[in-house]
Amino acid sequence: MESLTDKQLRRSFVNCSRGEAAGLSLPRNFADLPWPDLEFLGWRDPKAPLRGYLVVPRDDGYVGVALRAAESRMSSRTAAMCLLCQTEQSGDAISLFTARRTGAAGRNGNTVGTYICADLACAARVRTEIPAWLRTLDPEEVVRERTAELRERVDGFLAAVERD
Ligand SMILES: [Zn+2]
């Protein structure tokens, strides 16, 4: 994705109030993020431990979604999978996140939930954590496919958040 300004980022949020978007904390390394290597920007709020955010580029601009992580965590002794980047990790590295839906559904308290890497760094993980069974293939091809699949899955999640 292309780099975003603070203002563009805050304006992109579709499922929280303007006040909440104005008050959220940017990623700590916002000034030097590896933008070209991001299918979307995901981060946990450095000042509000259970809050997380996704900002996804689309043809018509950016869509930001505010997330809330579940307070209970899975055990580090069990394996779990992120449903966006499909990386298998120990349970405590994956969180259940819920997003308030947009429109009337959201006003009625409806949310959408999914299991995502707790640090929301899926874009880095599809490039660096290649499952063993894919390591015999052309690395560039593997990353190209994994990033394309990541885009599809995050678009699917956004569609569920924005469904009327
Ligand atoms: Zn992930």
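Check the entry above for the structure.
If you're wondering where the values come from, they're calculated on a predicted model, not measured in any experiment.

A. Structural context of the overall build of the chain. Each helix and strand counted, the chain has 5 helices and 7 strands in total. In terms of overall dimensions, the chain is globule-like: its C-alpha atoms have a radius of gyration of 16 Å, near the 15 Å expected for 164 residues. Summarising its shape, the C-alpha atoms of the chain cover approximately 50 × 35 × 30 Å along the three principal directions. Evaluated residue by residue, the chain yields a buried proportion of 42% over its 164 residues. A sequence separation of at least 24 residues applies to 54% of the contacts in the chain between residues at least 6 apart. For the chain, the accessible surface area stands at approximately 9,200 Å², while carbon and sulfur atoms represent 49% of it. The chain carries 23 positive and 23 negative side-chain charges, and their two centres are separated by 8 Å.

B. Representation of the packing of aromatic side chains. Overall, the coordinates contain 3 aromatic pairs when judged by the stated rule. Both rings, one in Phe-13 and one in Tyr-53, keep their centres 5.7 Å apart while their planes meet at 85°; by these two values the pair is edge-to-face. Of the two residues, Phe-13 is situated in the loop between α1 (6-11) and α2 (18-23) and Tyr-53 in strand β2 (residues 51-58); the sequence distance between them amounts to 40 residues. You can call Phe-13 buried: its relative accessible area is 10%. On the accessibility criterion, Tyr-53 (4% relative accessible area) is buried.

C. Quick look at the coordination of the zinc ion. At the metal site, the zinc ion is ligated by Cys-82 (SG), Cys-85 (SG), Cys-117 (SG) and Cys-122 (SG), and these contacts range over 2.3 Å. The coordination sphere of the zinc ion comprises 4 donor atoms, whose angles at the metal cover 102 to 119°; the geometry is tetrahedral.

The rules behind the values
- Residues numbered from 1 in each chain as written.
- Predicted model: local features only at pLDDT ≥ 70, side-chain atom pairs only at ≥ 80, totals over all residues.
- Heavy atoms only, no water.
- Helix = DSSP H or I, 4+ residues; strand = E, 2+ residues; numbered from the N terminus.
- Rg over C-alpha atoms; globule rule 2.2 N^0.38 Å.
- Buried < 20%, exposed > 50% of the residue type's maximum accessible area, 1.4 Å probe, protein only.
- Contact = heavy atoms within 4.5 Å.
- Areas by Shrake-Rupley, 256 points an atom, 1.4 Å probe, with all protein chains shown as cover.
- Lys, Arg positive; Asp, Glu negative; His and termini not counted.
- Charge placed at Lys NZ, Arg CZ, Asp CG, Glu CD.
- Phe/Tyr/Trp six-rings, centres within 6.5 Å; stacked < 30°, edge-to-face > 60°.
- Donors = N, O, S within 2.8 Å, 3.2 Å for Na, K, Ca; no water.
- Tetrahedral: all angles 85-135°; square planar, octahedral: opposite > 155°, others 65-115°.

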